[in-house]
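# Reading the structure
Listed below are the residues making up each chain.
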Amino acid sequence: MSAIQTTLKSRSTPAFDVERIRADFPILTLKVNDKPLVYLDNAASSQMPQQVIDRLVRYQTTQHANINRAVHYLSEIATSEFEEARRKLQHFINANEEREVIFTSGTTDSINLVMHGYGRKFIGAGDEIILTTLEHHSNIVPWQMLAEEKGAKIRVVPINDAGELLIDEYEKLFNERTKFVGVMHVSNALGTINPIKEMIAFAHARGVPVLVDGAQAAPHMKVDVQDLDCDFYAFSGHKLCGPTGIGILYGRAALLENMQPFKGGGDMILSVTFEKTIYNTIPHKFEAGTPPIAAAIGLGAAVDYLSEIGMDAIAAHELALLKYASEQINAMPGVRIIGTAEHKAAVLSFAVDGVHPHDIGTLLNQEGIAVRTGHHCAQPVMQRLHVPATSRASFAFYNSMDEVDALIAGIRTVQKIFT
Amino acid sequence: MANYKSLYQEVILDHNKKPRNYGTIESPSHHAVGHNPLCGDHISVDVVLGDERINNIAFQGESCAICKASASMMTTAIKGKTRAEAETLIQEFLAMATGKLSHDACPNIGRLAVFAGVSDLPTRVKCAILPWHTLSGAFNAVATTSTESEDDPMHAPIGDA
Ligand SMILES: Cc1ncc(COP(=O)(O)O)c(C=O)c1O
């Protein structure tokens, strides 16, 4: 609450030139319904700066071939650019070794890899997996599938009305059958930042590995997987100014080495006979088939771009946007913020009395404002907070205070129409 | 608001605020529950079908304004019609809302033409057609219907995040 109550009226944080940043994003000049686009659906997918678009074009026009396969010039350059992208991602999350960074197709794919590669090997009948009420469906459904297959059990960490995990309850869920923890770093539906470092330490003290769904954290704050001491960290490129179809699974090398491959095929093997196949070393063991090479290189360029601005500067600007928007909404009669955790990032879910979120979404769209409405792939949170759906504005570092003003004016228009 | 394409016209807002025939009927001859799993909207429709005509109809549920107004206006349009007339109107409404027919090609559509604008909003078509699917389900004795059934021409997910 305190974060929200602080009065903050400055139009931007010092030394953060949002107009200069916006000029890097060609899509932000679009008009929608004759109004300037106000893009506040960044939690669903972020936009791409010209620098990343240019990198994709350069790769496709001068560097493309399949990787790891041939000795010719293009294959060598594509391979080295692809591996260079892996190193960029390694540094972005401060992984200890580059082989701990696996290219996947996104967060969902990363989590499924862990479920198949780790879960199916190490979790059995009667074992327990701890998840939280806040989780996105992509960190629920794979574990339900595993639980069903193995006869394992899912235990769920509850939340309070503000949308914060009840850490005492989390600790009480552990017992000798606890084999795995899956927790999101930042909630896509409410914006809650979870105390994952403490949660990981607690689990590790009991020998339990932890997967962190970082889809909504990696775009908004500095992530240091060694400092967090997590075992797995999953995120998506398309929420990080990169292309769709690419994501990352960070995994601790010692765990990855003992895991089953998830998909079988080319590139993930050292040798194949019909009697026996020897799997490749990590990370290649988990990268069967031709990967999205262009997308991986594009993601490398995206994290370069973000690092140049600085994740701390990004976090500070987004927090300023969130505070300003929250203050404005709190001052509006008939509008309520859903999710009032003390520590929040970049996400503002809200409800307007007497107006269904879908109507809000359609009417804001008429003003050129893009928000998400619905259950945000997090139905358990919605059920717990007794809302069928919410409207969600989610910010990126290229959003401006003027865009917050446009959102607030848009909500006023909705209220006027419905009175 | 003076947006000529706006769906949110006076009639729709009025039916949303003061839905007609809202509630349930003690012993309906036909009943169905409709559900849009993507947005959580759900409504129930109760019908009393006499020998000749639809003597009574009511609906109830949680939904957006488009769905609620569509349901409310559906009940006022359907009450007193024969089943055959009602089935024709259902077909016309579904064709208009999904953009297959323009509203002037629907002779019985009348005031329901205010919903023609949804055909430009693929994610909102389902909201408008849910009550009509549900009524059709009630007539055909399908106890629950969903906008996600395979024959739904407008399978337009709300999106992912
Ligand atoms: C918290 C969270 N986890 C997982 C996902 C799934 O990401 P993707 O669809 O890129 O696999 C999302 C977003 O959709 C998310 O917000």
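Residues numbered from 1 in each chain as written. Chains lettered and ligands numbered in written order. Predicted model: local features only at pLDDT ≥ 70, side-chain atom pairs only at ≥ 80, totals over all residues. Heavy atoms only, no water.

## Examining the overall build of chain B
Cut-off, in case you're wondering: Secondary structure elements follow DSSP: runs of H or I no shorter than four residues count as helices, runs of E no shorter than two count as strands, and numbering proceeds from the N terminus. Exposure is judged per residue with a 1.4 Å probe applied to protein chains only, and the accessible area is read against the type maximum: over 50% gives exposed, under 20% gives buried, and values in between give partly exposed. Residue contacts follow a heavy-atom distance rule, with two residues in contact if any of their heavy atoms lie within 4.5 Å.
When helices and strands are counted, chain B shows 4 helices and 4 strands. Reading the helices (α) and strands (β) of chain B from amino to carboxyl end gives α-β-β-β-α-α-α-β. Relative to its full complement of 161 residues, chain B shows a buried share of 50%. Once local pairs closer than 6 in sequence are excluded, the contacts in chain B between residues at least 24 apart make up 61%.

## Considerations on the overall build of chain A
The criterion, for reference: The atom set for the radius of gyration is the C-alpha atoms, and the globule formula is 2.2 Å times the number of residues raised to the power 0.38. Where accessible areas are quoted, they stem from the Shrake-Rupley method and a 1.4 Å probe; at the residue level, only the protein chains shown are allowed to cover. Asp and Glu count as negative and Lys and Arg as positive, but His and the ends of the chain are not part of the count. Where a charge sits is defined by one atom per residue type, namely NZ (Lys), CZ (Arg), CG (Asp) or CD (Glu).
Of the regular secondary structure elements, chain A holds 15 helices and 17 strands. At 22 Å, chain A has a C-alpha radius of gyration in line with the 22 Å of a compact globule built from 419 residues. Along the three orthogonal principal directions, the C-alpha set of chain A runs to about 75 × 55 × 35 Å. For chain A, the exposed area adds up to about 16300 Å²; of that, 53% sits on carbon and sulfur atoms. Distance between charge centres in chain A, computed from 37 positive and 47 negative side chains, equals 3 Å.

## Topic: the domain arrangement of chain A
Many descriptions give the size of an interface as the accessible area lost when the pieces come together. Residues and elements named next belong to chain A. Quick reminder of the rule: Domain extents, as shown, originate in an automatic or database domain assignment. Buried area, as used here, totals the accessible surface that two parts lose on assembly, with accessibility defined by a 1.4 Å probe and the loss added over both. Any Lys or Arg side-chain nitrogen found within 4 Å of a carboxyl oxygen on Asp or Glu counts as a salt bridge. Nitrogen and oxygen atoms within 3.5 Å of one another constitute a polar contact, given that in protein one can donate a hydrogen and the other can accept it, and given that sequence-neighbouring residues count only through two side-chain atoms.
Here the domain parsing of chain A yields domain 1 (2–32 + 310–417) and domain 2 (53–308). Measuring from the centre of the C-alpha atoms in domain 1 to the corresponding centre in domain 2 gives 28 Å. With 34 residues of domain 1 at the interface, the matching set in domain 2 holds 31 residues. When domain 1 packs against domain 2, the two sides together hide about 2500 Å² of surface, and 61% of this comes from carbon and sulfur. One can count 1 salt bridge joining domain 1 with domain 2. For Arg 384, the salt bridge identified is with Asp 161, shortest N-O distance 3.1 Å. Our count for the contact surface shared by domain 1 and domain 2 stands at 17 residue pairs in polar contact (both at pLDDT 80 or more). Secondary structure elements with two or more residues in the side of domain 1 that touches domain 2: helix H12 (311–330), strand E14 (347–352) and helix H14 (379–384).

## Some remarks on the packing of aromatic side chains
Residues and elements named next belong to chain A. Stated formally: Aromatic pairs are defined between Phe, Tyr and Trp rings, using the six-membered ring for Trp, whenever the two ring centres lie within 6.5 Å; interplanar angles under 30 degrees are classed as stacked, those over 60 as edge-to-face, and all others as tilted. Our definition puts a charge over a ring when NZ of Lys or CZ of Arg is within 6 Å of the ring centre and also within 35 degrees of the ring normal.
Under the defined criterion, the tally for this structure stands at 19 aromatic pairs over all chains. Note on Phe 25 and Phe 397: the rings are 5.9 Å apart at their centroids and 65° apart in plane angle, and the pair reads as edge-to-face. Here Phe 397 lies in the loop between strand E17 (390–394) and helix H15 (401–417) and Phe 25 lies in the loop between helix H2 (18–22) and strand E1 (31–32), a separation of 372 residues in the sequence. Like Phe 25, the residue Phe 397 is buried in the burial classification. In this structure, Arg 206 packs its charged tip against the face of Phe 202, placed 3.6 Å from the ring centre.

## A closer look at the pattern of salt bridges
All names here are of chain B. One pass over the structure, following the stated rule, counts 27 salt bridges over all chains. Put simply, Arg 83 and Glu 87 hold a salt bridge, and the shortest N to O gap is 2.9 Å. With Arg 83 and Glu 87 both in helix H3 (residues 83–97) and 4 residues apart, this pair spans about one turn of that helix. A relative accessible area of 29% means that Arg 83 is categorised as partly exposed.

## A few points about helix H5 (residues 107–122) of chain A
All names here are of chain A. Keep this limit in mind: Any helix carries an expected span of 1.5 Å times its number of residues minus one. What the bend at a residue measures is the angle between two axes, fitted to the seven residues ending there and to the seven starting there.
Along its 16 residues, H5 runs 21 Å from first to last C-alpha, staying within 8% of the 22 Å computed at 1.5 Å per residue. Roughly 30° is the biggest bend found in H5, and it falls at Met 115. Those residues of H5 lying buried are Thr 107, Asp 109, Ser 110, Ile 111, Asn 112, Leu 113, Val 114, Met 115, Gly 117, Tyr 118 and Gly 119.

## Examining the interface of chain A and chain B
Defined as follows: In this count, Pro and Cys sit with the nonpolar residues alongside Ala, Val, Leu, Ile, Met, Phe, Trp and Tyr, while Asp, Glu, Lys and Arg are called charged and the others, Gly among them, polar.
Between chain A and chain B, the contact holds 23 residues from the first and 23 residues from the second. In this assembly, chain A packs against chain B so that about 1700 Å² is buried in total across both faces, 55% of it on carbon and sulfur atoms. Where chain A meets chain B, there are 1 salt bridge. Of the charged contacts, one joins A:Asp359 and B:Arg124 as a salt bridge, the two residues approaching to 2.9 Å between their closest N and O atoms. Along the contact surface separating chain A from chain B lie 6 residue pairs in polar contact (both at pLDDT 80 or more). Mapped by element, the contributors of at least two residues to the side of chain A that touches chain B are helix H13 (357–366), strand E16 (372–374) and H15 of chain A. Here the side of chain A that touches chain B gets 5 residues from one element, more than from any other, and that element is H13(A). The residue inventory of the side of chain A that touches chain B, partitioned by class, reads 6 nonpolar, 13 polar and 4 charged.

## Considerations on the pairing of strand E9 (residues 232–236) of chain A
Residues and elements named next belong to chain A. Which entries qualify depends on this criterion: For two strands to count as paired, DSSP must find a minimum of two bridges between them.
Most of E9 sits inside the fold, with 5 of its 5 residues counted as buried. What you see with E9 is no split at all: Phe 232, Ala 234 and Ser 236 on one side and Tyr 233 and Phe 235 on the other are buried throughout. For E9 and strand E10 (residues 247–251), the ladder comprises 5 bridges, and the chain directions are antiparallel. Counted as the bridge partner of Tyr 233 is Tyr 250 from E10.

## Description of the nonpolar core
Keep this limit in mind: Buried Ala, Val, Leu, Ile, Met, Phe, Trp, Tyr and Cys residues form a nonpolar core when they are joined through side-chain atoms within 4.5 Å.
In terms of nonpolar packing, the biggest core is built from 81 residues, with A:Tyr170, A:Val181, A:Tyr233, A:Leu306 and A:Phe397 touching the most fellow members. Looking at which element gives the most residues to this core, the answer is helix H11 (residues 293–309) of chain A, with 11 residues. In this structure, this core is formed jointly by two domains, domain 1 (2–32 + 310–417) and domain 2 (53–308) of chain A, each of which donates at least three residues. With near-sequence residues (within four places) excluded, A:Leu306 lies in contact with A:Phe92, A:Leu240, A:Cys241, A:Met311, A:Ile314 and A:Phe397. Ranked by size, the runner-up nonpolar core spans 72 residues in total, among them B:Tyr8, B:Met74, B:Leu112 and B:Val125.

## Focus: the packing of helix H1 (residues 10–17) of chain B against helix H2 (residues 65–78) of chain B
All names here are of chain B. Note the threshold: The angle between two axes is taken between their N-to-C directions and runs from 0 to 180 degrees, where each axis is a line fitted to C-alpha atoms and a helix contributes only its stretch in contact. Here the word oblique covers every angle except those under 35 degrees (roughly parallel), over 145 (roughly antiparallel) and from 65 to 115 (roughly perpendicular).
Interhelical geometry of H1 versus H2 gives an angle of 85° and a closest axis separation of 8 Å. Accordingly, the angle class assigned to the pair H1 and H2 is roughly perpendicular. Of H2, the residues touching H1 (which contributes Ile 12, His 15 and Asn 16) are Ala 65, Ile 66, Lys 68, Ala 69, Ser 72 and Met 73. In terms of residue class, the contact of H1 with H2 is made up of 5 nonpolar, 3 polar and 1 charged.

## Concerning the sheet that holds E17(A)
All names here are of chain A. An order of E13-E14-E17-E16 is seen for the 4 strands of this open sheet, with the pairing classed as antiparallel. Edge positions in the sheet fall to strand E13 (335–338) and E16, since each has one partner strand and no second. Between one strand axis and the next, the sheet turns through 30° on average, direction left out of account. Those strands touched by H13 are E14, E16 and E17, and its axis lies near 160° from that of E16. Where H15 meets the sheet, it contacts E13, E14 and E17, and its direction lies at approximately 15° from that of E14.

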